[in-house]
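Each chain, letter by letter, is given below.
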Amino acid sequence: LLAQIVTYGKKRINKVYDPACGSGSLLMQVAKVIGKDSVLGGFYGQEKEPTIHQLCRMNMFLHDIDPRKFDIALGDTLKKPNERHLDEVPFEAIVSNPPYSIHWDGDSDPTLITDPRFAPAGVLAPRTKADFAFILHALAWLAENGCAAIVCFPGIFYRGGAEQKIRQYLVENNFVDALIDLPPNLFFGTSIATTILVLR
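Notes on the structure follow. No experiment lies behind these values; they were computed from the predicted model shown.

So, the nonpolar core
Moving on, step 1. Grouped together as the largest cluster of nonpolar side chains are 34 residues, with contacts concentrated most on Ile-94, Trp-104, Phe-118, Ile-135, Ile-166, Leu-170 and Leu-199.
Moving on, step 2. Put simply, the parts of the chain that give this core at least two residues each are β4 (91-96), α5 (131-140), β5 (142-152), α6 (162-172) and β7 (195-199).
Moving on, step 3. Take this core: its biggest share by element is seven residues, from α5.
Moving on, step 4. Residues within four places of Ile-135 in sequence aside, it is in contact with Ile-150, Cys-152, Ile-156, Leu-170, Leu-197 and Leu-199.
Moving on, step 5. Core analysis: the next-biggest nonpolar cluster, separate from the first, contains 28 residues, Met-60, Ile-72, Val-95 and Ala-149 among them.

In structure tokens, the structure reads:
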């Protein structure tokens, strides 16, 4: 579904990105939906767990993705995004199912509020809930004609505080294209119902 959303109405895209790519399944789905040769600039992702990072790279080889057309980085996307991935050309397609409500540095790191990914919202995602940090990261790397589809924990859409201010920023700037509620028990390891946030 995410792959279909971000490629809707397009016969080709410049490149696709998953900032929390895990084993690469979402990137592979985009290749399946639009065709790997229709992703002109390649497949990009970042994963912080070394074993899963290597698994993702193996998956690329197993699915016959040309090694010159993928770049899977090892590292923490929020702390140290791989700038090589941006390459001055934002992504037309971003798909992601980032970890829900994980801890991150947030306002304990005073440099993050000046980070160009987070600064436009004027506030950082809470230290105990990095969900909107992943969303703002994706938005910052999205092309003007691009689409991002992100699976989210539904709590981020009704909690107050910093999350409410970030929601307000997204809505007032017309970045939110759709919210799609999914039923419970779709994902391995969790029974919660989730929501797809579509950004344009």
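Some remarks on empty space enclosed by the protein
Moving on, step 1. Across all of its chains, the model carries one cavity of 30 Å³ or more by this definition.
Moving on, step 2. What lines the largest cavity is Pro-98, Pro-99, Tyr-100, Asp-131, Ile-135, Val-151, Cys-152, Phe-153 and Ile-156.
Moving on, step 3. Elements with a minimum of two residues in the lining of the largest cavity: α5 and β5.
Moving on, step 4. Residues that form the lining of the largest cavity fall into these classes: eight nonpolar, no polar and one charged.

With respect to the state of the cysteines
Moving on, step 1. One pass over the full model with this rule turns up zero disulfides.
Moving on, step 2. Here Cys-21 is not disulfide-linked; the sulfur of Cys-56 is the nearest cysteine sulfur, at 4.0 Å.
Moving on, step 3. In this structure Cys-21 comes out as buried when scored by relative accessible area, which is 4%.
Moving on, step 4. In this structure Cys-147 is a free cysteine whose sulfur lies 13 Å from that of Cys-152, the closest cysteine sulfur available.
Moving on, step 5. Judged by its relative accessible area of 0%, Cys-147 is buried.

Here's the deal with the pattern of salt bridges
Moving on, step 1. Following the criterion strictly, the structure yields eight salt bridges and no others.
Moving on, step 2. For Glu-92, the salt bridge is made with Lys-10, and the minimal N-O distance between the two is 3.1 Å. With Glu-92 in strand β4 and Lys-10 in the loop between α1 (2-7) and β1 (16-18), this residue pair connects regions lying 82 residues apart in the sequence.
Moving on, step 3. Exposure remark for Glu-92: the relative accessible area of 13% places this residue in the buried category.
Moving on, step 4. For Lys-10, a relative accessible area of 22% puts it in the partly exposed group.
Moving on, step 5. With its nearest N and O atoms 2.5 Å apart, the salt bridge here joins Asp-107 to Arg-127. Taken as a pair, Asp-107 in the loop between β4 and α5 and Arg-127 in the loop between β4 and α5 lie far apart in primary sequence, 20 residues in all.

Reading the values: rules and limits
Residues numbered from 1 in each chain as written. Predicted model: local features only at pLDDT ≥ 70, side-chain atom pairs only at ≥ 80, totals over all residues. Heavy atoms only, no water. Core = buried A, V, L, I, M, F, W, Y, C linked by side-chain atoms within 4.5 Å. Buried < 20%, exposed > 50% of the residue type's maximum accessible area, 1.4 Å probe, protein only. Helix = DSSP H or I, 4+ residues; strand = E, 2+ residues; numbered from the N terminus. Contact = heavy atoms within 4.5 Å. 1 Å grid on protein atoms, 1.4 Å probe; cavity = no way out; pocket = protein on both sides within 12 Å on 5 of 7 lines; lining within 4 Å. Points joined across faces, edges and corners; volume = space filled by probe spheres on them. Nonpolar A, V, L, I, M, F, W, Y, C, P; charged D, E, K, R; others polar. Disulfide = S-S within 2.5 Å. Salt bridge = Lys/Arg side-chain N within 4 Å of Asp/Glu carboxyl O.

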